[in-house]
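Each chain, written out:
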Amino acid sequence: MKKETQIVSLGRDKKWTKGVINPPVVRASTMVFETMEEMRFAAKNKANGEMFYGRRGGPTHFAFQAAIAELEGGVGTALYPSGSAAISNALMSFLKAGDHLLMVDSVYEPTRALCESLLAGFGIETTYYDPLIGAGIKDLIQENTKVLFLESPGSVTMEIQDVPTLSKIAHEHGLIVMLDNTWASPINSRPFDMGVDISIQAATKYIVGHSDVMMGTATSNEEHWEQLRENSYLMGQCTSPDDVYLASRGLRTLGVRMAQHEKNALQIANWLVTRPEVDHLRHPAFESCPGHEFFKRDFSAANGLFSFVLKEGDVKSVTALVENMKHFKMGFSWGGYESLILGVFGIDKLRTVTKWDSSKPLIRLHIGLENSDDLIADLEAAFERFNAALKK
């Protein structure tokens, strides 16, 4: 079955939909039973789609979980109230005091903060590694290393990792491999085919697609599913059925939205290459992006999120560039239908083992579903402001 058909079809089993097109919103904290036998049956099968207690979920949740698990290629999906919650709960489900974690140096800033505060306080040690380390990861594995965490492409700077090689070496040493797979969404890569054990999504982004719901997912292979599911439950993780409904509805248009995001972004990226102000692109589909060869091998398509590096600039000129945009808005998230722009400073302070030249400013764009000609005109005016500010 092709992805476009899967997106429309998955999670629509009649036991959840009762014959209607979309799984209905079922709001419930308490399930009641007529007999002890019914209650025992629900308790025994609570992990297999039987309604047992509200925190375990209901039909709205079960339908969406089944859809995400199958799209990503796993056996089960846990739901969380945000992408960060999915990351923290996945890690805490498998790490304990005295364990060692290998974390990619280009990771999402809140994930780094989690490692350096909460996990460190629990007695869990973190070692950061170069996202392009490849087979060299074996030299960093210790006797107490339990998890290898990947994010590909990396947050903001977009380095693409050699996931199959990293996963292979990790498994040779008994490690669990986790991947923040949000950039690819559930349709533009096959994490489990590359050896990943747990694939994490900030569903807030492309799955929801409309900038109106916070949600995270963690999808596991068979070996680790029960531990992820039960430990997340013990930590009290659950999501609103209303939010799940919106995420499920957003999922149905994921394919067409992603295709348009990619098309618009490539048009704008190709225009940016011609600009004299631009040093290079950090777009995985371009050779100037570190790890581009792995993008070509491991991804089926790109999306709307990428960065570019300027040849020069300071806070004043970058501020002139990103302020007073007509169509681009400043915001920290991405994945919705709208275009966003950020001037990112201090990347060098968020690196432990890799260097970043902060003398060349980085601009991150999320290209939405507007007409790309209008977005290019907006950026053209932004460069005029940027150049004027540089001259002052």
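Whatever comes next refers back to the structure up there.
Colleague: What exactly am I supposed to notice about unusual backbone geometry here?
Modeller: A negative phi angle characterises most non-glycine residues, just as the trans form characterises most peptide bonds. Of note, the amide linkage connecting serine 152 to proline 153 takes the cis form, showing an omega dihedral of 0°. Within the element layout of this structure, proline 153 appears in the loop between strand E4 (145-151) and helix H7 (163-172). Backbone geometry places valine 156, a non-glycine residue, at a positive phi of 75°. Counting through the fold element by element, valine 156 comes out in the loop between E4 and H7. Residue classification places valine 156 among the buried residues on the basis of a relative accessible area of 17%. A positive phi angle, close to 65°, is found at asparagine 324, a residue other than glycine. Along the polypeptide, asparagine 324 turns up in the loop between helix H12 (315-322) and strand E10 (329-330).

Colleague: Could you clarify how one ought to interpret the nonpolar core in this entry?
Modeller: Nonpolar side chains in soluble globular proteins tend to end up buried together. In this structure, Leu91, Leu101, Leu148, Phe149 and Met178 are the most contacted members of the largest nonpolar core, which totals 42 residues. Considering every element that reaches this core, the biggest residue donor is helix H5 (residues 83-92), with five residues. Formed by 30 residues, the second largest nonpolar core is a distinct cluster that contains Tyr206, Val208, Phe295 and Trp334.

Colleague: Mind showing me how you'd approach the environment of tyrosine 80 here?
Modeller: Locating tyrosine 80 in the fold gives a position in strand E1 (residues 76-80). On the accessibility criterion, tyrosine 80 (0% relative accessible area) is buried. Considering only alpha carbons, one finds tyrosine 80 and serine 240, 160 residues apart in sequence, at a separation of 9.4 Å. Excluding residues within four positions of it along the chain, tyrosine 80 makes contact with Ala85, Ala86, Asn89, Met215, Gly216, Thr217, Ala218, Leu228, Ser232, Gln237 and Thr239. Here the side chain of tyrosine 80 touches serine 232 through a polar contact of 2.7 Å, side chain to side chain.

Colleague: Help me understand the pattern of salt bridges, please; the structure alone is not making it clear to me.
Modeller: Side chains that differ in sign of charge can pair as their charged atoms come close. Scanning the entire structure with this criterion turns up 15 salt bridges. Notably, a salt bridge pairs aspartate 193 with arginine 190, separated by 3.6 Å at the nearest N-O pair. Since its relative accessible area comes to 62%, aspartate 193 is described here as exposed. For arginine 190, a relative accessible area of 32% corresponds to the partly exposed category. For aspartate 279, the salt bridge identified is with lysine 360, shortest N-O distance 3.2 Å.

Colleague: Even after reading the chapter, I still don't get H12, so can you show me in this structure?
Modeller: Restricting attention to buried positions, one finds in H12 the residues Ser317, Val318, Ala320, Leu321 and Val322. Tucked into the core, H12 has its buried residues touching strand E9 (305-310), E10, strand E11 (340-344), strand E12 (362-366) and helix H13 (372-391). Once H12 ends, the next one or two residues include asparagine 324, with phi positive near 65°.

Colleague: Just checking my understanding: could you explain the sheet that holds E12 for this structure?
Modeller: For sheets, the rule is that strands pair by backbone hydrogen bonds, running either parallel or antiparallel. The strand order across the open sheet built from five strands is E8-E9-E12-E11-E10, with neighbouring strands paired in mixed fashion. Strand pairing shows two members of the sheet lacking a second neighbour, strand E8 (278-282) and E10, which therefore form its edges. Relative to E9, E8 is paired through four bridges, and the arrangement is antiparallel. Looking at E9, one finds that valine 278 is bridged to leucine 310. The strands touched by helix H10 (residues 254-273) within the sheet are E8, E9 and E12, with E9 carrying the most contacts at an inclination of about 10°.

Colleague: Where do I start with the side chain of serine 307 in this structure?
Modeller: On the secondary structure map, serine 307 appears in strand E9. Its relative accessible area of 0% is what places serine 307 among the buried residues. Polar contacts involving the side chain of serine 307 include one to the main-chain carbonyl oxygen of valine 156, which spans 2.6 Å. Once residues within four sequence positions are removed from consideration, serine 307 is found in contact with Val156, Met158, Leu281, Arg282, His283, Leu362, Ile363 and Arg364.

Colleague: Help me understand the packing of H12 against H13 in this model?
Modeller: If you want to describe how two helices pack, look at the angle between their axes and the distance between the axes. Look at H12 against H13: their axes get within 7 Å of each other, and the N-to-C directions meet at 155°. Comparing the axis directions of H12 and H13 gives the class roughly antiparallel. The crossing of H12 and H13 is right-handed. In this structure, H12 contributes Lys316, Ser317, Val318, Ala320 and Leu321 to the contact, and H13 contributes Ala382, Phe383, Arg385, Phe386, Ala389 and Leu390. Here the residues of the contact of H12 with H13 are counted per class, giving eight nonpolar, one polar and two charged.

Colleague: How should I be thinking about the sheet that holds strand E2 (residues 100-104) in this particular structure?
Modeller: One open sheet holds the seven strands; their spatial order is E1-E7-E6-E5-E4-E2-E3, and the pairing between them is mixed. Each edge of the open sheet carries a strand with a single partner, namely E1 and strand E3 (125-129). Neighbour to neighbour, the strand axes of the sheet diverge by 20° on average, direction disregarded. In the sheet, E2 pairs with E3 via five bridges, with the strands oriented parallel. Of the residues in E3, the one forming a bridge with valine 104 is tyrosine 129. Sitting on the sheet, H7 is in contact with E4 and strand E5 (176-180), with an inclination near 175° to E4. Sitting on the sheet, helix H8 (residues 222-234) touches E1, E5, strand E6 (198-201) and strand E7 (216-220), and the angle it makes with E7 is about 145°.

Rules and cut-offs
Residues numbered from 1 in each chain as written. Predicted model: local features only at pLDDT ≥ 70, side-chain atom pairs only at ≥ 80, totals over all residues. Heavy atoms only, no water. Helix = DSSP H or I, 4+ residues; strand = E, 2+ residues; numbered from the N terminus. Buried < 20%, exposed > 50% of the residue type's maximum accessible area, 1.4 Å probe, protein only. Core = buried A, V, L, I, M, F, W, Y, C linked by side-chain atoms within 4.5 Å. Contact = heavy atoms within 4.5 Å. Polar contact = N/O pair within 3.5 Å; in protein donor to acceptor, adjacent residues only side chain to side chain. Salt bridge = Lys/Arg side-chain N within 4 Å of Asp/Glu carboxyl O. Pairing = 2+ DSSP bridges. Axes fitted to C-alpha atoms, helices over the stretch in contact; angles between N-to-C directions. Parallel < 35°, antiparallel > 145°, perpendicular 65-115°, else oblique. Left-handed = near helix turned anticlockwise from the far one by under 90°. Nonpolar A, V, L, I, M, F, W, Y, C, P; charged D, E, K, R; others polar.

All we've got here are geometric facts, nothing functional implied.
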